[in-house]
Amino acid sequence: MKKLLIILVIVSSICFGCKKTSNISESESDDSLSSRVSQYANTITAKELKEMLFTYASDEFQGRKTGEPGQKKAVSFIKEHYVTNHIPSPITENDYFQEIPVSYFEGKADSDSENVIAYIKGSEKPEEVVIITAHLDHIGIKDGEINNGADDDGSGTVALMEIAEAFKAAKEAGHVSKRSIVFLHVTGEELGLFGSRYYADEDPIFPLENTIANLNIDMIGRVDKRHENKPNYLYLIGSDWLSLELHQLSETVNDSTVKLDLDYFYNGERDPNMFYYRSDHYNFAKHDIPSIFYFNGLHDDYHKPTDTPEKINYSFLETRAKLIFYTAWELANRKNRVQLD
Ligand SMILES: [Zn+2]
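Residues numbered from 1 in each chain as written. Predicted model: local features only at pLDDT ≥ 70, side-chain atom pairs only at ≥ 80, totals over all residues.

(A) The confidence of the model for the protein chain, seen in detail. Confidence along the protein chain averages 91 in pLDDT terms, with 91% of residues attaining 70 or more. A low-confidence stretch, residues 1-28 (pLDDT under 50), is modelled with 37 contacts involving residues beyond four sequence positions or located in other chains. (pLDDT = per-residue confidence, 0-100. Contact = placed C-beta atoms within 7 Å.)

Here's what the structure looks like:
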């Protein structure tokens, strides 16, 4: 990790070369296959994201504080989505909750809490899994005001639900991905990444050695000050920390599909914000699982009652969610799993 700055220079030179020659993948080079994959991606729509987020980040959910009644409403809402879409749980039939006892939260929560998990089993290598994460909790009510957390992380939560629907649409069209895809909504993030830590350290439902990558979505619905005049962007953090192959795959997928301006401003080891350590992918990365953290940067409404759903740019949210779907699709369908460096 200490050589990160040198690695970054090498990566950028490699990728200028690879952009021109790579197709979306060795398995997806056929045009008709690619167009089918974009049909699945096109089930991710700004309209559905908006409808879900106006509920998920409404006052009814009381800021979704870990262990509180609003967070319980949040997990019911997420579970209902998977039940309605016939996307099963890997725990037992109809039990989508990975229970975490209150004692695990080191005094920071007053009640038990739960992660929500669903999956689509792969066709050829079902034991190998790609895990996509978003945290379901937020910071609750402070000084009598509800913190709705529309961007943090309502945006990632509804994006993950839509990505799951896209994989389900593929399955219904007879196009099950080779590897399994796991949709993991984690609790306790705002208290200190507890839900993802519980999953990775205490109870990995899928063995970590066969967990080939983690894509973590935390705040992807807004535009920060650095991009006010160039908003077609997304920050990626961690993509090249463990696997250059993951980084190159991610770049190639973006170039072949949505063509966002991928910004690595916060990716350096010396980033004073330490974002690499501040969201749930870290609990996978520390186990040597190649990970990408997708992030729109901070804004004035971060962790304030003003982080509300009408401030989300739903068209950007749609495009960013599509990028993550395409990247997950490629990870789940390429011939070989991405290699650690
Ligand atoms: Zn967050």
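(B) Representation of the environment of Tyr198 within the structure. Structurally, the position occupied by Tyr198 is in helix 6 (residues 194-202). As a C-alpha pair, Tyr198 and Arg320 span 122 residues in sequence and 27 Å in three-dimensional space. If we skip the residues at most four places from it in the chain, Tyr198 touches Ile100, Tyr104 and Asp203. (Helix = DSSP H or I, 4+ residues; strand = E, 2+ residues; numbered from the N terminus.)

(C) Here's a closer look at the packing of helix 3 (residues 46-56) against helix 9 (residues 314-333). One can describe the packing of helix 3 onto helix 9 by two numbers: an axis separation of 8 Å at closest approach and a directional angle of 110°. Viewed along their axes, helix 3 and helix 9 adopt a mutual orientation that is roughly perpendicular. Where helix 3 abuts helix 9, its residues Ala46, Leu49 and Lys50 lie against Tyr314, Ser315, Leu317 and Glu318. (Axes fitted to C-alpha atoms, helices over the stretch in contact; angles between N-to-C directions. Parallel < 35°, antiparallel > 145°, perpendicular 65-115°, else oblique.)

(D) Expanded view of helix 2 (residues 31-41). Every buried residue of helix 2 is accounted for by Val37, Tyr40 and Ala41. Buried residues in helix 2, looked at end-on, bunch into an arc of 105°, giving them a common side. When the buried face of helix 2 is taken as reference, the exposed residues oriented beyond 90 degrees from it are Asp31, Ser32 and Ser35. On its buried face, helix 2 is in contact with helix 5 (150-172) and helix 9. (Buried ≥ 20, exposed ≤ 12 C-beta atoms within 10 Å, placed from the backbone. Arc of directions from axis to C-beta.)

(E) Layout of the nonpolar core. Judged by nonpolar contacts, the single largest core of 93 residues is most densely connected at Val130, Ala159, Ile163, Ile324 and Ala328. Among the elements that make up this core, the one with the highest residue count is helix 9 (11 residues). Residue contacts for Ile163: discarding those within four places in its chain leaves Ile44, Ile132, Ala321, Ile324, Phe325 and Ala328. (Core = buried A, V, L, I, M, F, W, Y, C linked by C-beta atoms within 7 Å.)

(F) Representation of unusual backbone geometry in the model. Omega for the bond connecting Asp152 with Asp153 falls within 30 degrees of zero, at -10°, which places this linkage in the cis form. With respect to the secondary-structure elements, Asp153 resides in helix 5. Phi is positive for Met219, close to 75°, though the residue is something other than glycine. Residue classification places Met219 among the buried residues on the basis of 27 C-beta atoms within 10 Å.

(G) A look at the environment of Ala46. Looking at the element boundaries, Ala46 is found in helix 3. By C-beta crowding, Ala46 is classed as partly exposed, having 17 other C-beta atoms within 10 Å. Remark: the alpha-carbon pair of Ala46 and Glu190, spanning 144 residues in sequence, is separated by 26 Å. Contacts of Ala46, omitting those with residues within four sequence positions, involve Tyr314, Ser315, Leu317 and Glu318.

(H) The sheet that holds strand 3 (residues 125-135), seen in detail. Spatially, the eight strands line up as an open sheet ordered 1-2-6-3-7-10-8-9, and their pairing is mixed. For this open sheet the edge positions go to strand 1 (97-100) and strand 9 (261-263), each flanked by a neighbour on one side alone. Direction aside, neighbouring strands of the sheet carry axes that sit 25° apart on average. One ladder, built from four bridges, connects strand 1 with strand 2 (residues 113-120); its direction is antiparallel. Looking at strand 2, one finds that Gln98 is bridged to Asn115. Along the sheet, helix 5 makes contact with strand 2, strand 3, strand 6 (179-186) and strand 7 (211-217), crossing strand 3 at roughly 150°. (Pairing = 2+ DSSP bridges.)

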